[in-house]
Amino acid sequence: SYFFIIFIISRLIPIIGVNQRLWTDLLPPNLLSLDISSRLSLDQSSLAMASTDFGNLVHTNPAAVLHPSSVDDIVSLLKFSYNNSFPFKVAARGRGHSCRGQAMVENGVVIDMPSLSIPTRFYADIGGEQLWVDVLHATLDHGVAPVSWTDYLYLSVGGTLSNAGISGQTFRYGPQINNVHELDVVTGKGELITCSKKMNSELFHAVLGGLGQFGIITRARIRLEAAPKRVKWVRMLYDDFSTFTRDQEHLISLYGNYQELININHGLNYVEGSIILQQSDPNNWRSSFFSSNDQARITSLNVPNGVLYFLEVAKFYYDHDDDTNTDKELKKQLEGLNYIPECIFTRDVSFVEFLNRVRKGELELHSKGLWEVPHPWLNIFIPKSQIEDLHHVIPNIIAKDNTDLAGPILFYPLNRNKWDDKMSAVTPEEDVFYTLGLLHSSGFDDWEALERKNEEILKYCEEHGIKIKQYLPHYTTKKEWESHFGHKKWRIFQQRKNSFDPKMILSPGQKIFNSVG
Ligand code: FAD
């Protein structure tokens, strides 16, 4: 088993600033379709840097600053301008020691040359068998960390990449499968193949979200960034579903549109949400967040229909960040949200404590012998336009029969533009969709009651035309699998199976190619 980190001498940080001016006012909008778009910056500090020099006599604003990660970025920018019917101006900026604006460009692009040599682009080569928690600790030793996580870290890299790997970071960075540069895969033919978007791309796309059907991941090259040190972790309470979801969608909307990509230091790093019945404990094994005072306050709230919604967000920050600025930025992000007045709870924890928040509850359950109970979980993705339809039934189904809902219900939105449809993972077709996770635990004898609730939800969706997709899907017939993937993607999935595992050797437990019906 191996695990090592490689530092590339280049720059990754996608610095695109929040700025009043739109790209389109000053530069050709299709500039955004280039690979370099994530390294073009509009944020105030980059623009300010490029609009002054040592002389401090001339001040000229560029439209954007390019932080090139390689010479190719510079080639792309200049080719693009040259081939445009209205070429825009470009200037390289070395260290800005001119006295009269010689490295400035009005409404054009300044290339920040020092970016070429900044060692801030990292990746780790990780064995498919490694646990994410070990990835976290090993990368932190080097001051870096992956950007996309699962809530629980004792999962294997190969296991989550075979599904998608989602959590509160997904709206911004995409699922874990979207943060992989390269894989080593042993296919069903026993061939060890290295693949990436550019090399053996069919296998690369097949394996990511591929439910173990095409090969065994033995190495994954995972994107890393400078690791934050601490986290402002906030939960806000709602008693109205529409207000709750409107606010969640507002928070993720900044990342659903490339016009508004923002600096990595701005914005929220994590947005999730959950639904609870007021009578149940607001803390659960996923995280004990609330103090006993908070809990008492929550129980005493007058909640019209007995259902509460938690909007959960996090803002990461670094050693060099000023604490007050982080608070200010957080406040700015949460401005205008309509949670129940005063029902906002904040904690300040270390990055590791935040990411590993589920572990404590897990150990407690283990100690009581409750981690090993049956878990009839259901995870579904729901198109945004249909969440209201489903919401009407969920609390009823959950509360019905007085079967205790022993487990958290996760509910939060994701941006589809952060997913790559070439990969095997399946999502609804709308730009924004929600993930609903019913993470039930049951006694050894009563799991079937919870399974029936799951079936009821799935049946309701089918009967009411709610176009859900199961995450961590479980089906038993070919017809269901075909409908899960959709006609076109199912055809591709089958072709890929035929290419990489023609004898259908791999992961039969998914019951895709050996389904009963
Ligand atoms: P396994 O259950 O061992 O395997 C899953 C599938 O992947 C199998 O088909 C297996 O054959 C295949 N597989 C395993 N390793 C490889 C490999 N190296 N190469 C190719 N195929 C492989 N998921 C999320 O997205 N977000 C979460 O927040 C999240 N939280 C969870 C919390 C808990 C407590 C649990 C139990 C699960 C959670 N999951 C979450 C689901 C989890 O991502 C999947 O169950 C995942 O498959 C678990 O990884 P594993 O290593 O245990 O996989």
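Treat the numbers as computed from the prediction; the structure is a model and nothing was measured. (Residues numbered from 1 in each chain as written. Predicted model: local features only at pLDDT ≥ 70, side-chain atom pairs only at ≥ 80, totals over all residues.)

(A) Structural context of the sheet that holds strand E15 (residues 378-383). The eight strands are arranged E14-E11-E13-E12-E16-E17-E15-E18 in an open sheet whose pairing can be described as antiparallel. In the strand order of this sheet, the two ends are held by strand E14 (344-350) and strand E18 (469-470), each with one partner. Looking at chain direction, strand E12 (residues 270-277) and strand E13 (residues 307-317) are connected through eight bridges and run antiparallel. Each bridged residue has a counterpart across the sheet, and for Ile 276 the counterpart in E13 is Leu 308. (Pairing = 2+ DSSP bridges. Helix = DSSP H or I, 4+ residues; strand = E, 2+ residues; numbered from the N terminus.)

(B) Just the confidence of the model for the protein, in detail. Predicted confidence across the protein gives a mean pLDDT of 87, with 89% of residues reaching 70 or more. Under a pLDDT of 50 for its full length, residues 7-20 has, in the predicted model, 53 contacts with residues more than four places off or in other chains. Across residues 258-262, where pLDDT falls below 50, the model places twelve contacts with residues more than four positions away in sequence or in other chains. For this predicted complex, the interface score ipTM comes out at 0.99, while the overall pTM is 0.82. (pLDDT = per-residue confidence, 0-100. Contact = placed C-beta atoms within 7 Å.)

(C) Representation of the site of the ligand. Near the ligand there are 23 residues, and of these Gly 128, Ser 156, Gly 158, Gly 159 and Gly 212 occur at the shortest range. Those elements giving two or more residues to the shell around the ligand turn out to be helix H5 (157-161) and strand E10 (215-226). If you tally residues by element for the shell around the ligand, the top one is H5, at three residues. Partitioned by chemical class, the residues of the shell around the ligand number eight nonpolar, 14 polar and one charged. (Near = placed C-beta within 6 Å. Nonpolar A, V, L, I, M, F, W, Y, C, P; charged D, E, K, R; others polar.)

(D) Local environment of the sheet that holds strand E3 (residues 64-66). Strand order in this open sheet of four strands is E2-E3-E5-E4, and the pairing throughout is mixed. Each having just a single partner strand, strand E2 (40-41) and strand E4 (90-93) make up the two edges of the open sheet. Sheet strands in contact with helix H3 (residues 71-83) are E3, E4 and strand E5 (109-112), and its direction is about 155° off that of E4. (Axes fitted to C-alpha atoms, helices over the stretch in contact; angles between N-to-C directions.)

(E) Representation of the nonpolar core in the model. If you look at the biggest cluster of nonpolar residues, it comprises 88 residues, and the most contacted ones within it are Val 207 and Ile 382. Summarising the domain contributions, this core has at least three residues from each of domain 2 (120-226) and domain 3 (230-470). Counting 19 residues, the second largest nonpolar core, distinct from the first, contains Ile 36, Leu 40, Ala 64 and Leu 77. (Core = buried A, V, L, I, M, F, W, Y, C linked by C-beta atoms within 7 Å. Buried ≥ 20, exposed ≤ 12 C-beta atoms within 10 Å, placed from the backbone. Domains from an automatic or database assignment.)

(F) View of the environment of Asp 348. Structurally, Asp 348 is set in strand E14. Residue Asp 348 is classed as partly exposed on the basis of its 15 C-beta neighbours within 10 Å. Sequence spacing of Asp 348 and Phe 493 is 145 residues, and the spatial spacing of their C-alpha atoms is 44 Å. Not counting the four nearest positions on each side in its chain, Asp 348 is found in contact with Arg 230 and Lys 232.

(G) Seen up close, unusual backbone geometry. Within the chain, Asn 107 stands out as a residue other than glycine whose phi angle is a positive 55°. Its place among the elements puts Asn 107 in the loop between E4 and E5.

(H) Seen up close, the domain arrangement of the protein. According to the domain assignment, the protein contains domain 1 (10-117), domain 2 (120-226) and domain 3 (230-470). Here the C-alpha centre of domain 3 lies 24 Å away from the C-alpha centre of domain 2. Taken together, the contact pairs 23 residues of domain 2 with 25 residues of domain 3. Those elements that place two or more of their residues in the side of domain 2 that touches domain 3 are helix H4 (132-140), helix H6 (170-173) and helix H7 (201-207). No other element matches the four residues that H6 contributes to the side of domain 2 that touches domain 3. Looking at the side of domain 2 that touches domain 3 residue by residue, the classes come out as 13 nonpolar, eight polar and two charged.

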